[in-house]
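One letter stands for each residue in the lines below.
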Amino acid sequence: MCTRASSVFFERTFLSAVFMFLLLKVHLLMMLPSYFLIITLSDLECDYINARSCCSKLNKWVVPEVIGHAVVTVLMLISLHWFIFLLNLPVATWNIYRYIMVPSGNMGVFDPTEIHNRGQLKSHMKEAMIKLGFHLLCFFMYLYSCPIRA
């Protein structure tokens, strides 16, 4: 009897900790860099900054984004939240694919020599807007599916 109660307590505590971590991760680690990404790309589009400094600023956020999404996806798999896991899986896969498929001579995902070619600036801007919308959706989804009850 005592082990069942402690098991339920551990499960609720674990789920609460997972959702609190996700709220912090989504709000601080993903939404704010998405704003930064959009602002920096729009500054590059208006020629307020040069391509090299823009790409070096943006490439700093690629690895934390890949790690953050991978951690969230694994935590959702462990805590058996299948819908949220399946929602995060394509985005995590896309981030990993984008990071792995960087050509060998490029500076990173954002390369200053290619960012103005073939409409990459517009595609990066569109991707940043889609990610911002996704993170906003996830923020409210994590907020309202948090297992803490008063």
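Scroll up for the structure.
What this report covers is the structure whose coordinates are included nearby. This is a predicted model, so every value here is computed, not measured.

**A closer look at the packing of aromatic side chains**
Within this structure, the stated rule accounts for 3 aromatic pairs. Ring geometry for tryptophan 82 versus phenylalanine 85: centroids 6.2 Å apart, planes at 85°, classification edge-to-face. Here tryptophan 82 pairs with phenylalanine 85, and both are found in helix 4 (residues 82-100), just 3 residues apart, close to one helical turn. Owing to a relative accessible area of 46%, tryptophan 82 belongs among the partly exposed residues under this scheme. What makes phenylalanine 85 buried here is its relative accessible area of 12%.

**Here's the deal with the nonpolar core**
Among the nonpolar cores identified, the biggest contains 16 residues, and Leu37, Leu41, Leu44, Leu58, Phe110 and Ile115 are the most heavily contacted of them. If we skip the residues at most four places from it in the chain, leucine 37 touches Leu58, Phe110 and Ala128. Core analysis: the next-biggest nonpolar cluster, separate from the first, contains 13 residues, Leu22, Phe85, Cys138 and Met141 among them.

**Description of the pattern of salt bridges**
The final tally for this structure, using the stated rule, is 5 salt bridges. Note that glutamate 45 is salt-bridged to lysine 122, the shortest N-O span being 2.6 Å. Here glutamate 45, found in helix 1 (residues 2-45), pairs with lysine 122, found in helix 5 (residues 120-144); they are 77 residues apart in sequence, far enough to count as distant. Judged by its relative accessible area of 35%, glutamate 45 is partly exposed. Note that arginine 98 is salt-bridged to glutamate 65, the shortest N-O span being 3.5 Å. Note that arginine 98 is positioned in helix 4 and glutamate 65 in helix 3 (residues 62-78), a separation of 33 residues in sequence. The two residues arginine 98 and glutamate 65 agree in class, both being buried. What emerges from the salt-bridge pattern is a single network uniting Glu65, Arg98, Glu127 and Lys131.

**Side note on the environment of isoleucine 84**
Topologically, isoleucine 84 is positioned in helix 4. A residue is classified by how much of its surface remains accessible, and isoleucine 84, at 6% relative accessible area, is buried. Setting aside residues up to four positions removed in sequence, isoleucine 84 forms contacts with Phe19, Met76, Met141, Tyr142 and Ser145.

About the cut-offs
Residues numbered from 1 in each chain as written. Predicted model: local features only at pLDDT ≥ 70, side-chain atom pairs only at ≥ 80, totals over all residues. Heavy atoms only, no water. Phe/Tyr/Trp six-rings, centres within 6.5 Å; stacked < 30°, edge-to-face > 60°. Helix = DSSP H or I, 4+ residues; strand = E, 2+ residues; numbered from the N terminus. Buried < 20%, exposed > 50% of the residue type's maximum accessible area, 1.4 Å probe, protein only. Core = buried A, V, L, I, M, F, W, Y, C linked by side-chain atoms within 4.5 Å. Contact = heavy atoms within 4.5 Å. Salt bridge = Lys/Arg side-chain N within 4 Å of Asp/Glu carboxyl O.

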